[in-house]
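# Residue-level structural notes
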Amino acid sequence: MQQLELLTSSSHQFPGSQSSLENQETVDIIHGSQYTEDHISETGQLDLFTLPHQQSSGPQPSPENQEAVDVIHGLQYIENYINEADHRWFLGRIDKQQWLGDLKRRVQHYGFKYDYRARRVNRDMHIGELPQWLGVLVYKLEKEGYMPEGTDQVIVNEYQPGQGISSHIDCEPCFKDTIISLSLGSDCIMNFTNKFDKTKKIPVWLAQRSLVVLSGEARHDWLHGIPARRWDEWEGQKYERQRRVSLTFRKVIIKNEKTPQK
Ligand SMILES: O=C(O)CCC(=O)C(=O)O
């Protein structure tokens, strides 16, 4: 595997930990995580745990999402979650994998396949462990407390300029409370619409390399979607979209196979 600087164990001190990387046992106890230092060392020198300072290639400074975060409980927005070098590495890694043409946009499914038409996922749809190159990101997310219920499914979405995703709430019986999306490649606007009052619509600027975390009301009471267009407009200024790739992290709820998940 290519040498990267994502998780150099020598340099990083986890918050609250004495050693740079805690041992496997501790990780499992705290997070129920299946990811180990072995997974991490495989990715060589990725730099996930140092603070990235590079700015987004979108508007500078990035639009404020403060209103959204204040109003939509359970919404978190974290800019510069990964640095430029790691961003390039993940895009390269993703493009080495096979894309699926299930939808208008290309997708990749890891951990569990998701049936978009039936809005269903079950034990039979398990397609294997998450690959190591995703495991390092999952490790970081879990370690930092963003995925408290664990993570066993990742979907990669590719949006060419002009493509989007219609407003929706992620299947509630299929996935646990926390859903995370990491944006790569392009900034874009994601709209949040209150399910009880559709006139309440709040845009959130998703800069490339940023993380958006949905839990609680943000996950269950607000629809999220990305308008299918080539430009986004913020405070009167137009921004051209580039190819965007997102990674969405979820934890599947495995129910009795007979129980419908709709
Ligand atoms: O592309 C994104 O950031 C969001 C994707 C999404 O909402 C989904 O896959 O359900």
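Residues numbered from 1 in each chain as written. Predicted model: local features only at pLDDT ≥ 70, side-chain atom pairs only at ≥ 80, totals over all residues.

### Points about the overall build of the protein chain
Within the protein chain, the regular secondary structure consists of 6 helices and 12 strands. Residues classed as buried in the protein chain amount to 37% of the 262 residues present. When contacts within the protein chain are restricted to residue pairs at least 6 apart in sequence, long-range pairs at least 24 apart make up 79% of them. (Helix = DSSP H or I, 4+ residues; strand = E, 2+ residues; numbered from the N terminus. Buried ≥ 20, exposed ≤ 12 C-beta atoms within 10 Å, placed from the backbone. Contact = placed C-beta atoms within 7 Å.)

### Focus: the site of the ligand
Around the ligand, a shell composed of Ile155, Asn157, Ile165, Asp170, Ser181, His224, Ser246 and Thr248 is seen. Of all the secondary-structure elements, those providing two or more residues to the shell around the ligand are strand E3 (153-159) and strand E12 (244-250). Each residue belonging to the shell around the ligand can be placed in one class, and the counts come to 2 nonpolar, 5 polar and 1 charged. (Near = placed C-beta within 6 Å. Nonpolar A, V, L, I, M, F, W, Y, C, P; charged D, E, K, R; others polar.)

### Quick look at the sheet that holds E12
Read from one edge of the open sheet, 6 strands run E1-E8-E5-E12-E3-E2, paired in antiparallel fashion. At either margin of the open sheet sits one strand with a lone partner, and together these are strand E1 (75-78) and strand E2 (107-110). When the angles between neighbouring strand axes are averaged without regard to direction, this sheet yields 15 degrees. Bridging between E3 and E12 involves 7 bridges; their strand directions are antiparallel. Bridging from a neighbouring strand, Glu158 pairs with Val245 of E12. (Pairing = 2+ DSSP bridges. Axes fitted to C-alpha atoms, helices over the stretch in contact; angles between N-to-C directions.)

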